[in-house]
Amino acid sequence: MDSLGLKPRRTIRLALWDGEEQGVYGSYLYVQNHFMDKQFNIRPEQKKISAYFNLDNGSGRIRGIYAQSNAQVKPIFERWLKPFHDLGATHVTIANTGSTDHLSFDWAGIPGFQFIQDPLDYESRSHHSNLDNYEHLQIEDLKQAAIVVASFVYEAAMTDKMLPRKPLQKKNFLFEGF
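Keep in mind it's a predicted model, so treat the numbers as computed, not measured.

## Focus: the overall build of the protein chain
Looking only at helices and strands, the protein chain has six helices and four strands in total. Mapped from its N terminus to its C terminus, the protein chain presents α and β elements in the order α-β-β-α-β-α-β-α-α-α. A burial count over the protein chain gives 39% of its 178 residues as buried. The contacts in the protein chain between residues at least 6 apart in sequence include a share of 82% that link residues at least 24 apart. A total accessible area of about 10400 Å² is found for the protein chain, and carbon and sulfur atoms account for 53% of it.

This is the structure:
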């Protein structure tokens, strides 16, 4: 950021999780240790996190983002996506999606979002197979995704206010599902 002269108002963290396929254990344990425990006791650090953005569906191009039933962020995200319409990123849906690490943050009352990506052959051919390797990455799609994700992260770090939060729903993450 320094080399670009960018000075975000908020800290930007990058995380790589383990155990996502086994039940999002990496992100879930991180969230428990830093933001909210299993008894729904919110830790002070939880109030400092504006948003969590997740990219986890292969190397397909970003087409939009799931707002996870957070109606207040929909117009914000539509505005943030506007500069990327020519790159194919146009859609903000209020719908939820599951099976990724954003759910751990959403469970703890932190706005957590997953980007919508082109599926390519992610579920049918390469996902968790011997084809799930570097040679099967779609480099141009990954470049587009990096641009969109970086922009969202920067926008969130620069806003005057934290992103709107949904009411906290107290339910057991592992047994009641998300």
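Having put the structure on the table, let's press on.
## A short note on the environment of Met-158
For Met-158, the location among the structural elements is in helix H5 (residues 139–158). Taking C-alpha positions, Met-158 is 8.6 Å from Lys-7, a pair spaced 151 residues apart along the chain.

## A closer look at helix H2 (residues 74–81)
Each turn of an α-helix holds 3.6 residues, which means side chains three or four residues apart point in the same direction. Of all the positions in H2, only Ile-76, Phe-77, Trp-80 and Leu-81 are classed as buried. Axial view of H2: buried residues confined to an arc of 130°, hence all on one face. Structurally, H2 contributes buried residues whose contacts are with strand E1 (52–54), strand E2 (62–66), strand E3 (91–93), strand E4 (112–117) and H5.

## Digging into the nonpolar core
One broad trend across soluble globular proteins is that nonpolar side chains are buried collectively. Core analysis: the largest hydrophobic core is formed by 19 residues, its most contacted members being Phe-53, Ile-65, Phe-77, Trp-80, Val-148 and Phe-152. Those elements that place two or more of their residues in this core are E2, H2, E4 and H5. Counting residues in each nonpolar core, the second largest holds eleven residues, with Met-36, Ile-49, Trp-107 and Ile-110 among its members.

## Here we look at unusual backbone geometry
With a phi close to 55°, Gln-68 is a non-glycine residue in the positive phi region. With respect to the element layout, Gln-68 can be found in the loop between E2 and H2. With phi around 65°, Ser-69 is a residue other than glycine that occupies positive phi space. Look at Ser-69 and you get partly exposed, because its relative accessible area is 41%.

## Focus on the packing of aromatic side chains
If you walk through the whole model with that rule in mind, you get 16 aromatic pairs. Plain terms: the ring middles of Trp-17 and Phe-105 are 6.1 Å apart, the flat faces sit at 45° to each other, and that makes the pair tilted. Here Trp-17 is found in the segment before helix H1 (25–34), whereas its partner Phe-105 is found in helix H3 (residues 102–107), with 88 residues between them in sequence. Centroid distance Trp-80 to Phe-152: 5.3 Å. Interplanar angle 85°. Geometry classified as edge-to-face. Separated by 72 residues along the polypeptide, Trp-80 in helix H2 and Phe-152 in helix H5 bring together distant segments of the chain. For Trp-80, a relative accessible area of 5% translates into the label buried. With relative accessibility at 0%, the residue Phe-152 sits in the buried group. Taken together through their ring pairs, the aromatic side chains of Phe-53, Phe-77, Trp-80, Phe-113, Phe-115 and Phe-152 make up a single cluster.

Conventions and cut-offs
Residues numbered from 1 in each chain as written. Predicted model: local features only at pLDDT ≥ 70, side-chain atom pairs only at ≥ 80, totals over all residues. Heavy atoms only, no water. Helix = DSSP H or I, 4+ residues; strand = E, 2+ residues; numbered from the N terminus. Buried < 20%, exposed > 50% of the residue type's maximum accessible area, 1.4 Å probe, protein only. Contact = heavy atoms within 4.5 Å. Areas by Shrake-Rupley, 256 points an atom, 1.4 Å probe, with all protein chains shown as cover. Arc of directions from axis to C-beta. Core = buried A, V, L, I, M, F, W, Y, C linked by side-chain atoms within 4.5 Å. Phe/Tyr/Trp six-rings, centres within 6.5 Å; stacked < 30°, edge-to-face > 60°.

Geometric descriptors of this kind do not, in isolation, establish any biological role.
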